Amino acid sequence: MTTISDHLIRKHSGEYDPEVVTRLSLVKQSLTEISNLDRCSSLTYLDLSNNDISLIMGLDHIESLKRLDLSCNKIEILGSGLSANVNLISLNLKGNLIRDMNQLGGLASLEKLESLHLRDESGKDANPVCADEGYVGYVQKTLKSLTL
């Protein structure tokens, strides 16, 4: 199990002080959870793709976050893990295990969200929810701020 440490943040951001980090990419780090980002209060871009994360948590204090990439993880349930990220404009969740359309309804509180990826443009790396024939209509109706 690998967690996000101060050392990992410094190594991948190039910054010594986590409070000044605005961009952080921790791709393919075998991370199993989102943790230890509470001091990264200036983050606007966070890439945690290609890890083993199953639960979205530990991001509620990062109100400045605008772009989040959680693609190719093991996320099944969105819960309220993103509800505090009111400035989020782009969210990449492709390649996860989201099956239930109701999970997507929790994203409705993200009024600035313009871009949501649940699969590739080619249809690959799709979440299971994408196979539901009503999914596109549900997303359009529920997430009105998305740019289509």
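This write-up is about the structure you can find in this document. Throughout this description, residue numbers start from 1 for each chain and increase along the sequence as written. Residues qualify for local features only when their pLDDT is at least 70, as the model is predicted, and side-chain atom pairs are given and counted only at 80 or more; totals for whole chains, interfaces and linings, by contrast, use all residues. Side-chain metrics rest on all non-hydrogen atoms present in the structure, leaving aside hydrogens and water.

## Some remarks on the overall build of the protein
A count of helices and strands for the protein gives three helices and five strands. Overall, the protein shows an N-to-C arrangement of helices and strands of α-β-β-β-β-α-β-α. Expressed as lengths along the three principal axes of its C-alpha atoms, the size of the protein is roughly 45 × 30 × 25 Å. By the burial criterion, 40% of the 148 residues in the protein qualify as buried. Residue pairs in contact within the protein that sit at least 24 positions apart in sequence constitute 40% of those at least 6 positions apart. Summing over all exposed atoms, the protein offers an accessible surface of approximately 7,700 Å²; the carbon and sulfur share of this is 46%. Charge counting follows a simple rule: Lys and Arg are positive, Asp and Glu are negative, and His as well as the terminal groups are ignored. A charged residue contributes its charge at one atom only: NZ of Lys, CZ of Arg, CG of Asp or CD of Glu. With 15 positive and 20 negative side-chain charges, the protein shows a separation of 4 Å between the mean positions of the two kinds. Under the DSSP-based scheme used, a helix requires at least four consecutive residues in state H or I and a strand at least two consecutive residues in state E, with every element numbered from the N terminus. Exposure categories follow from relative accessible area, calculated using a 1.4 Å probe and restricted to protein chains: below 20% of the type maximum is buried, above 50% is exposed, and the middle band is partly exposed. Residue contacts are defined here by distance: any two heavy atoms, one from each residue, within 4.5 Å place the two residues in contact. The method behind every accessible area is Shrake-Rupley, applied with a 1.4 Å probe, and residues are considered shielded solely by the protein chains displayed.

## Things to note about the nonpolar core
Nonpolar cores were defined as sets of buried Ala, Val, Leu, Ile, Met, Phe, Trp, Tyr and Cys residues, with membership established by side-chain atoms within 4.5 Å. Leu37 and Leu93 are the most contacted members of the largest nonpolar core, which totals 40 residues. Where this core is concerned, the elements lending two or more residues are helix H1 (6-13), helix H2 (101-105) and helix H3 (135-142). Aside from chain neighbours lying at most four places away, what touches leucine 93 is Ile56, Leu70, Ser71, Ile75, Leu78, Ile98, Leu116, His117, Leu118 and Asn127.

## Section: the sheet that holds strand E4 (residues 90-92)
The strand order across the open sheet formed by five strands is E1-E2-E3-E4-E5, and the pairing between neighbours is parallel. For this open sheet the edge positions go to strand E1 (23-25) and strand E5 (115-117), each flanked by a neighbour on one side alone. Averaged over all pairs of adjacent strands, the angle between strand axes in this sheet comes to 0°, irrespective of strand direction. By the bridge criterion, three bridges tie E1 to strand E2 (residues 45-47) in an arrangement that is parallel. Pairing between strands is defined by DSSP: at least two bridges between the two strands are required. Lines are fitted to the C-alpha atoms to define the axes, a helix being fitted only along its stretch in contact, and any angle between axes, read from their N-to-C directions, falls within 0 to 180 degrees.

## Topic: the packing of aromatic side chains
Any pair of Phe, Tyr and Trp rings, taking the six-membered ring for Trp, is counted once the centres come within 6.5 Å. Such a pair is stacked with planes under 30 degrees apart, edge-to-face with planes over 60 apart, and tilted for the rest. In this structure the tally under the stated criterion is zero aromatic pairs. Note that arginine 23 overlies the ring of tyrosine 45, its terminal NZ or CZ placed 4.1 Å from the centroid. Think of it as a cone above the ring: NZ of Lys or CZ of Arg counts as a charge over the ring if it is within 6 Å of the ring centre and within 35 degrees of the ring normal.

## Focus: unusual backbone geometry
Located in the positive-phi region is asparagine 36, a residue other than glycine, with phi close to 60°. Of note, cysteine 72 is a non-glycine position whose phi angle comes to about 55°, a positive value. The topology assignment puts cysteine 72 in the loop between strand E3 (67-69) and E4.

## Focus: H1
All of the buried residues in H1 are Leu8, Ile9 and Ser13. Considered in projection along H1, the buried side chains sweep an arc of 110° and stay on one side of the axis. Exposed and oriented more than 90 degrees from the buried face of H1 are His7 and Lys11. Buried positions along H1 lie against E1. This arc is built from the directions going out from the helix axis to the C-beta atoms.

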